[in-house]
Amino acid sequence: MLITNANLITWETPNRILENQAIYIEGGQIKELGSTEELLLHHTSEDRLDAHSQYVMPGAICAHTHFYGAFSRGLNIPGLPAKDFPEILEKLWWPLDKSLSLEAVHYSTLVCLLDAIKHGTTTLVDHHASPNAIQYSLDEIASAVDAAGVRASLCYEVTDRNGEAGAREGITENLRFINLISHGSDLAGRLSATFGLHASLTLSEKTLNDCREAVPEGIGFHIHVAEHFVDEYDSIQKSGTRVVDRLLLHKILGPNSIIVHAVHVDAREIEILKETHTWVTHQPRSNMNNAVGLPQVEAMLRSGIKVCLGNDGFSNAMWEEWKACYLAHKLVNQDPRRMPASLVAQMAIYNNADLARMLFPNIRLGSITPGAEADLMFVDYQPFTPLSAENLPWHIVFGFQDSMVTGTMVAGKLLMKDRQVLSLDEDKITYQARKLVPEVWEKFNKSFN
Ligand SMILES: [Zn+2]
């Protein structure tokens, strides 16, 4: 395929913005870049896709999400409003995840992936929980990922909150899926696996040991860390150390492991994360919504930790997360110089691309360059001020709207064209979800009786 008349944002290092370009794609990969005129001469019989001077850039990557949370939208939580994050877990997320069947997991994933495709998000790192439908839940998600045509890294969250049997089943589900992926069921590089752990506060010493012993060589963990300070005090009580120290002792950290949030870690914990080359993901919308505070992202980045940007189950429109990140750190520090847009881009673009390369080691994601996968989005943005590689992050924060995404492509296949989703039937999925959700909500409500 030949994409013509594109204004390219390559997100290479350094970034380049190139006008009136063409991209030649073969076997799902970008093979050649050049002027439209030149590439039209070289590839006369190729299928053509006219970008009509839109910006074409790499698809967005989401470093941490929860497909299972989609059916919480509009859900009424009985009783008094949750007063803190532990109560939010007890009153919302834990009763909700227990209400999911395998079918609900499948549709919850599909509605998230529809949203992702519509907003140009092409790779997502998911963290799943459905305690009453554990076995094969990752296959349900994988089949939705297959249908949608995007890429995803999956895991099941092991936890002790559903008893020993629940923890064991979680371990088994991770291992089963990791095994499947390592034996080639990776949808030609569109699926990857990590080993999921909920959070230190719901994991006993024994379960952490069991997980460490079970995990195959080269597979990393994906775990929430110090989202609320209760996680730290729980860890001190259980193990005599803070959360990151505890995970270090259990050999959970390392260059293949992802820790999520790290809001309440101290200076030594930041050092340990740096020393172990552990990935950290930041989700400012979630942090604000749960009122847990904000992590020391700038300090972590300065110390050399690769902090990435996720959405924690919020909309898969990643520029919304950029904007929240840009604003939240200014407000919380009462200093408009904090969190420049270029630093948001460092996380959302470069660090997320590096994380994707760790999770999908055989392919190149996150930039438009020969040899990279043709994972792209088409953006109808008409800047009325000069746009350069240097000021692009500020254009994204102040000018880009997710509704400007008109097309999405993964591995050279169009998933959305002219705002029409091609890989999934939006009406049908919405109809099925609407039919299914009352049952999920009924189960949710029953858990309060
Ligand atoms: Zn999360």
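The following refers to the structure shown. Computed from a predicted model, the values in this text were never measured in an experiment. Once a new chain begins, its residue numbering starts again from 1 and follows that chain's sequence as written. Only residues with pLDDT of at least 70 are given local features in this predicted model, and only at 80 or more are side-chain atom pairs given and counted; all residues enter the totals for whole chains, interfaces and linings. Neither water nor hydrogens contribute to the side-chain values; these are computed over all heavy atoms in the structure.

### Overview of the overall build of the protein chain
No. 1: Every helix listed is a DSSP run of H or I at least four residues long, and every strand listed is a run of E at least two residues long, numbered separately from the N terminus. Regarding its fold elements, the protein chain presents 15 helices and 18 strands.
No. 2: Just to be clear, the radius of gyration here is over C-alpha atoms, and the globule rule we use is 2.2 Å times residues to the power 0.38. Computed over C-alpha atoms, the radius of gyration of the protein chain comes to 21 Å, within 12% of the 22 Å expected from 2.2 N^0.38 for 449 residues, which places it in the range of a compact globule.
No. 3: In terms of overall dimensions, the protein chain has a C-alpha envelope of 70 × 45 × 45 Å along the principal axes.
No. 4: Buried, partly exposed and exposed residues are distinguished by accessible area as a fraction of the type maximum, computed with a 1.4 Å probe on protein chains only: under 20%, between the cut-offs, and over 50%, respectively. In the protein chain, which comprises 449 residues, the proportion classed as buried is 59%.
No. 5: Should any heavy atoms of two residues lie within 4.5 Å, those residues are counted as being in contact. Looking at the protein chain alone, contacts between residues at least 24 apart form 74% of all its contacts between residues at least 6 apart.
No. 6: Counting 38 positive and 55 negative side-chain charges, the protein chain places the averaged centre of each group 2 Å from the other. In this tally, Asp and Glu contribute negative charge and Lys and Arg positive charge; neither His nor the terminal groups of the chain are included. Positions of charges follow a simple convention, taking NZ of Lys, CZ of Arg, CG of Asp or CD of Glu.

### A closer look at the packing of aromatic side chains
Geometrically, a pair of aromatic rings is defined through the distance of the ring centres and the angle of the planes.
No. 1: To pair, rings of Phe, Tyr and Trp, with the six-membered ring standing in for Trp, must have centres within 6.5 Å; the planes then decide the type, stacked if under 30 degrees apart, edge-to-face if over 60, and tilted in the middle. The full count for this structure, using the stated rule, is nine aromatic pairs.
No. 2: Residues Trp 319 and Phe 400 carry aromatic rings whose centres are separated by 5.0 Å and whose planes lie at 85° to one another, so their mutual orientation is edge-to-face. Here Phe 400 lies in the loop between α14 (392-398) and β16 (405-410) and Trp 319 lies in helix α12 (residues 318-333), a separation of 81 residues in the sequence. Note on accessibility: Trp 319 and Phe 400 belong to one class, buried.
No. 3: Ring pairs connect the aromatic residues Tyr 55, Trp 319, Tyr 381 and Phe 400, which therefore count as one cluster.

### As for the coordination of the zinc ion
No. 1: Distances decide who is a donor: an N, O or S atom must be within 2.8 Å of the metal, or within 3.2 Å for Na, K and Ca. Water is not included, so sites may look incomplete. Protein ligation of the zinc ion involves His 64 (NE2), His 66 (NE2), His 224 (NE2) and Asp 312 (OD), the donor distances falling in the range 2.0 to 2.2 Å.
No. 2: Angular criteria define each label, namely tetrahedral for four donors with all angles between 85 and 135 degrees, square planar for four and octahedral for six donors with opposite donors over 155 degrees apart and remaining angles between 65 and 115, and irregular for whatever fails these tests. Around the zinc ion sit four donor atoms, and with donor-metal-donor angles ranging over 92 to 163° the site reads as irregular.
No. 3: We note that the donor set of the zinc ion lies within a single chain, spaced as H-x1-H-x157-H-x87-D. With His 66 in the loop between β6 (60-65) and α2 (85-98) and His 224 in strand β11 (residues 221-225), the pair connects residues that are 158 residues apart, well separated along the chain. Neither residue differs from the other here; His 66 and His 224 are each classed as buried.

### Brief notes about the nonpolar core
No. 1: Throughout, nonpolar core names a set of buried Ala, Val, Leu, Ile, Met, Phe, Trp, Tyr and Cys residues whose side chains join them through atoms within 4.5 Å. Leu 197 and Trp 322 are the most contacted members of the largest nonpolar core, which has 105 residues in total.
No. 2: Ranked by the residues each element gives to this core, the list is headed by helix α3 (residues 102-118), at nine residues.
No. 3: In terms of nonpolar packing, the next biggest core, distinct from the first, is built from 17 residues, Ile 23, Leu 376, Phe 378 and Leu 414 among them.

### Comments concerning the environment of Asp 375
No. 1: Within the secondary structure, Asp 375 sits in the loop between α13 (341-359) and β15 (376-379).
No. 2: Of the residues examined, Asp 375 reaches a relative accessible area of 6% and is grouped as buried.
No. 3: Sequence-wise, Asp 375 and Thr 408 are 33 residues apart; in three dimensions their C-alpha atoms are separated by 7.6 Å.
No. 4: Ignoring sequence-local partners within four residues, the contact set of Asp 375 consists of Met 57, Pro 58, Gly 59, Thr 122, Thr 123, Arg 151, Leu 365, Met 409, Val 410 and Ala 411.
No. 5: Polar contacts here mean pairs of N or O atoms no more than 3.5 Å apart (in protein, one a potential hydrogen donor and the other a potential acceptor; neighbouring residues in sequence count only if both atoms are side-chain atoms). A polar contact is formed between the side chain of Asp 375 and the backbone nitrogen of Ala 411, at a distance of 2.8 Å.

### Focus on the pattern of salt bridges
No. 1: Every case where a carboxyl oxygen of Asp or Glu lies within 4 Å of a side-chain nitrogen of Lys or Arg is listed as a salt bridge. Tallied over the full model, the rule gives 26 salt bridges.
No. 2: Where Glu 205 meets Arg 246, a salt bridge forms, and the shortest distance between an N and an O atom there is 2.7 Å. Placement of Glu 205 in helix α6 (residues 205-214) and of Arg 246 in helix α8 (residues 243-249) is noted, with a sequence separation of 41 residues between them.
No. 3: The exposure class assigned to Glu 205 is partly exposed, which follows from its relative accessible area of 32%.
No. 4: In this structure, Glu 298 engages Arg 338 in a salt bridge whose closest nitrogen and oxygen atoms are separated by 2.7 Å. With a gap of 40 residues between them, Glu 298 in helix α11 (residues 297-302) and Arg 338 in the loop between α12 and α13 connect regions that are remote in the sequence.
No. 5: Residue class for Glu 298 comes out buried when judged on its relative accessible area of 17%.
No. 6: For Arg 338, a relative accessible area of 25% corresponds to the partly exposed category.
No. 7: One salt-bridge network, held together by shared partners, links Glu 232, Arg 242, Asp 266 and Glu 269.

### Considerations on the sheet that holds β6
No. 1: Being paired, for any two strands, means DSSP has found at least two bridges between them. The strand order across the open sheet formed by four strands is β6-β7-β8-β9, and the pairing between neighbours is parallel. Taken across any chain shown, the strands that pair with only one partner, and hence form the sheet edges, are β6 and β9 (191-193). The average angle at which neighbouring strand axes cross in this sheet is 15°, direction not considered.
No. 2: Relative to β9, strand β8 (residues 151-154) runs parallel, the two sharing three bridges. Looking across to β9, one finds that Ser 153 is bridged to Ser 192.
No. 3: Its contacts with the sheet put α13 on β6, β7 (121-126), β8 and β9, and the angle it makes with β6 is roughly 75°. Fitted lines through C-alpha atoms give the axes, limited to the stretch in contact for helices. The angle between two N-to-C directions lies from 0 to 180 degrees.

### Let's talk about the pairing of β11
For a regular strand, the rule is simple: side chains alternate between the two faces of the sheet.
No. 1: Extensive coverage of β11 is indicated by the burial of five of its five residues.
No. 2: Burial along β11 is two-sided: the residues Phe 221, Ile 223 and Val 225 and His 222 and His 224 are all buried.
No. 3: The sheet contact formed by strand β10 (residues 195-199) and β11 spans four bridges and is parallel. Across the sheet, Leu 197 pairs through a bridge with Ile 223, a residue of β11.
No. 4: In this sheet, strand β12 (residues 258-261) lies alongside β11 in parallel orientation, the contact comprising four bridges. Following the sheet pairing, Val 225 is matched in β12 by His 261.

### Remarks on the environment of Val 56
No. 1: Following the sequence through the fold, Val 56 ends up in strand β5 (residues 55-58).
No. 2: According to the relative accessible area criterion, Val 56 is buried, its value standing at 0%.
No. 3: Measuring from C-alpha to C-alpha, the distance between Val 56 and Ala 116 comes to 17 Å, with 60 residues separating the pair along the chain.
No. 4: Setting aside chain neighbours within four positions, we find Val 56 in contact with Ala 6, Asn 7, Leu 8, Ile 9, Ile 23, Ala 51, Ile 368, Leu 376, Met 377 and Phe 378.

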